[in-house]
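# Remarks on the overall topology
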Amino acid sequence: MLLKNWLKNDKISLGIVLGLIIPIPVWFLFALIIRLIQNYFHIFTRVRDVDILLLGFAINFIVMRYYMVKLRFEKTGKALLILTVFMIIVFFMFLKNSNFVFPF
């Protein structure tokens, strides 16, 4: 019950924590799905693991919309937006041409 109450707050710190935590499991989930599709159906062979990270960042926009439109928590939504845009800029500056590969 404590976590549920904490998620229903309008705080900048909540937006930052959600913005950092949400993309990681989504990234692994999409990477697993893409890897299975590549191995069994032999399509999407040019998709790199580092490019899947952008899908994880895109989920933050869905969460941001939920907090800003549905719950009307502007501070949390703005923190999510700013952090997500910052992470996307960092991605294109440093990770776009990297050859990061998952071990599985």
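Note that this is a predicted model, so its numbers are computed, not measured.

### Here's the deal with the packing of helix α2 (residues 12-21) against helix α3 (residues 23-41)
- At a minimum axis distance of 5 Å, the contact between α2 and α3 shows a crossing angle of 20°. When the axes of α2 and α3 are compared, the pair comes out roughly parallel. Along the contact surface, α2 presents Leu18, Gly19, Leu20 and Ile21, while α3 presents Pro23, Ile24 and Pro25.

### Concerning the confidence of the model for the chain
- Confidence in the prediction for the chain averages 90 pLDDT; 97% of positions are at 70 or higher.
- Mean pLDDT values over the elements of the chain span from 89, in helix α1 (residues 2-7), up to 95, in α2.

### A word on α3
- For α3, built from 19 residues, the straight-helix expectation of 27 Å at 1.5 Å per residue is met to within 8% by its first-to-last C-alpha distance of 26 Å.
- For α3, every residue scored as buried is listed here: Pro23, Val26, Trp27, Ala31, Ile34, Arg35 and Gln38. What you see down the axis of α3 is that its buried residues fit within an arc of 165°, all on one side. Along α3, the residues that are exposed and aim more than 90 degrees away from the buried face are Tyr40 and Phe41.
- Residues of α3 that are buried make contact with α2, α4 (49-70) and α5 (74-95).
- One or two positions beyond α3, positive phi appears at His42, with a value near 55°.

### Description of the pattern of salt bridges
- Following the criterion strictly, the structure yields two salt bridges and no others.
- A salt bridge links Arg48 to Asp51; the nearest nitrogen and oxygen atoms lie 3.1 Å apart.
- With a relative accessible area of 24%, Asp51 lands in the partly exposed category.
- Between Asp51 and Lys96 there is a salt bridge; the shortest N-O distance is 3.9 Å. With a gap of 45 residues between them, Asp51 in helix α4 and Lys96 in the segment after α5 connect regions that are remote in the sequence.
- The exposure class of Lys96 is partly exposed, given its relative accessible area of 32%.

### Things to note about a nonpolar patch on the surface
- Among the surface-exposed residues, Leu3, Trp6, Ile12, Ile16, Val17, Leu20 and Ile21 lie close enough to one another that they form a single nonpolar patch of about 630 Å² accessible area.
- Among the secondary structure elements, those contributing two or more residues to the nonpolar patch are α1 and α2.
- Per-element tally for the nonpolar patch: the top contributor is α2, with five residues.
- Turning to its location among the elements, Ile12 is positioned in helix α2.

Procedures and definitions
- Residues numbered from 1 in each chain as written.
- Predicted model: local features only at pLDDT ≥ 70, side-chain atom pairs only at ≥ 80, totals over all residues.
- Heavy atoms only, no water.
- Axes fitted to C-alpha atoms, helices over the stretch in contact; angles between N-to-C directions.
- Helix = DSSP H or I, 4+ residues; strand = E, 2+ residues; numbered from the N terminus.
- Parallel < 35°, antiparallel > 145°, perpendicular 65-115°, else oblique.
- Contact = heavy atoms within 4.5 Å.
- pLDDT = per-residue confidence, 0-100.
- Expected span 1.5 Å × (residues − 1).
- Buried < 20%, exposed > 50% of the residue type's maximum accessible area, 1.4 Å probe, protein only.
- Arc of directions from axis to C-beta.
- Salt bridge = Lys/Arg side-chain N within 4 Å of Asp/Glu carboxyl O.
- Patch = residues over 30% accessible without salt bridge, like charges linked within 9 Å, V, L, I, M, F, W, Y side chains within 5 Å.
- Areas by Shrake-Rupley, 256 points an atom, 1.4 Å probe, with all protein chains shown as cover.

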